[in-house]
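Descriptive structure summary
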Amino acid sequence: MTQWLRWWHGAYSDPKLHAVALRAKVSRSEVVAIWAGILEHASQQANRGDVGDPGEEIAIALALEIEVVERVMKALEDKGLIVAQRIAAWEERQPQREDPTATQRSQRFRSKRNSNATPETNDATH
């Protein structure tokens, strides 16, 4: 099953990530890339939102030194973006959809369309 990860507007320019970059002594672009990798990794865990230890995987994917990734992860923890090996506020940022399947979305759409139908518009063909 394909899973989606929600990315919020302004994430790349979030002042918290700038502070993480200063603490870890790396560029903000490295922090944004590592943060995206951590979020993607956490999204794919059995317990979505758990961080685990993706340092080596992210370092390889981004062609970075493992020490750089580890410094950024430590700074993310210090800043409160990762708490107890979990993305802080994961459930708020990644809410479960009420209708996880296309079938359910289609049924909801048809139900809404049919409730607004009049005898003239109820037929699919004219």
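Scroll up for the structure.
Okay, so let's go over this structure. (Residues numbered from 1 in each chain as written. Predicted model: local features only at pLDDT ≥ 70, side-chain atom pairs only at ≥ 80, totals over all residues. Heavy atoms only, no water.)

Okay, unusual backbone geometry next. Unusually for a residue other than glycine, Lys 25 sits at a positive phi of about 60°. Unusually for a residue other than glycine, Gln 85 sits at a positive phi of about 60°. Looking at the secondary structure, you find Gln 85 in the loop between β1 (82–83) and β2 (86–87). Under the relative-accessibility criterion, Gln 85 is labelled partly exposed at 40%. (Helix = DSSP H or I, 4+ residues; strand = E, 2+ residues; numbered from the N terminus. Buried < 20%, exposed > 50% of the residue type's maximum accessible area, 1.4 Å probe, protein only.)

The subject of this paragraph is the nonpolar core. A general trend in soluble globular proteins is that nonpolar side chains are found buried together. Membership of the largest hydrophobic core comes to 25 residues, with the highest contact counts inside it found for Trp 35, Ile 38, Val 72, Leu 76 and Ile 87. Secondary-structure elements contributing two or more residues to this core are α1 (15–24), α2 (28–43), α3 (55–62) and α4 (66–78). Examining the composition of this core, we find that seven residues originate from one element, α2, more than from any other. (Core = buried A, V, L, I, M, F, W, Y, C linked by side-chain atoms within 4.5 Å.)

Below, the discussion takes up the packing of α1 against α2. Between α1 and α2, whose axes approach to 8 Å, the crossing angle comes to 110°. By the criterion of interaxial angle, the relationship of α1 to α2 is roughly perpendicular. Like other packed secondary-structure pairs, α1 and α2 cross with a definite hand, here right-handed. Along the contact surface, α1 presents Leu 17, His 18, Val 20 and Ala 21, while α2 presents Arg 28, Val 31, Val 32 and Trp 35. Of the residues belonging to the contact of α1 with α2, the class tally is six nonpolar, one polar and one charged. (Axes fitted to C-alpha atoms, helices over the stretch in contact; angles between N-to-C directions. Parallel < 35°, antiparallel > 145°, perpendicular 65-115°, else oblique. Left-handed = near helix turned anticlockwise from the far one by under 90°. Contact = heavy atoms within 4.5 Å. Nonpolar A, V, L, I, M, F, W, Y, C, P; charged D, E, K, R; others polar.)

So yeah, pure geometry; function would need other evidence.
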